[in-house]
Amino acid sequence: MKVKVINRSAYDLPQYETAQAAGLDVRADLRESLVLGPLERALVPTGLYVEIPEGYEIQVRPRSGLAARHGISLVNAPGTIDPDYRGEIKVIVVNLSNEPFELRPGERIAQLVVARFERIEWEATDSLTPTDRGEGGFGSTGRK
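Residues numbered from 1 in each chain as written. Predicted model: local features only at pLDDT ≥ 70, side-chain atom pairs only at ≥ 80, totals over all residues. Heavy atoms only, no water.

1. Some details on the pairing of strand β3 (residues 24–27)
Next, step 1: With two bridges joining them, strand β2 (residues 15–16) and β3 adopt antiparallel strand pairing. Each bridged residue has a counterpart across the sheet, and for Y16 the counterpart in β3 is L24.
Next, step 2: As judged from the four bridges shared by β3 and strand β12 (residues 108–116), these two strands associate in the antiparallel manner. Among the inter-strand pairings, V26 is bridged to a residue of β12, identified as A110. (Pairing = 2+ DSSP bridges. Helix = DSSP H or I, 4+ residues; strand = E, 2+ residues; numbered from the N terminus.)

2. Focus on the sheet that holds strand β8 (residues 72–74)
Next, step 1: Taken in spatial order, the three strands of this open sheet run β5-β10-β8, and their pairing is antiparallel. Of all the strands in the sheet, the pair left with one neighbour each is β5 (41–45) and β8. In this sheet, neighbouring strand axes are inclined to one another by 35° on average, regardless of whether the strands run parallel or antiparallel. (Axes fitted to C-alpha atoms, helices over the stretch in contact; angles between N-to-C directions.)

In structure tokens:
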């Protein structure tokens, strides 16, 4: 699939880091480092603008290495970039650790995953088809 992209960042376009990777690593388009204190968040620019084909979205997801090693994640994971959005892709990064974290220019901060989606049409009703699970949720199936 081809996706039109404008790259106004100082860095190469996002890339798949391995042959089987689902996500493309996206970089922080910063002029200088940004220090995030514990529980601080920042809207980080990427310098990328995309034209996503109709029926697709781009999901913005955390990078597992940053999360595991430094407690760095995304506030709205996964974030969604809709196919009609034409602004700059920005990433809402949060520091969930107890230590300050220095986000450096060009650092890989998130991954982008292209996904197909379906639109729904609501059908109002007074009842739903029963299931064995019923209304059980939030741990109702127990640990297995």
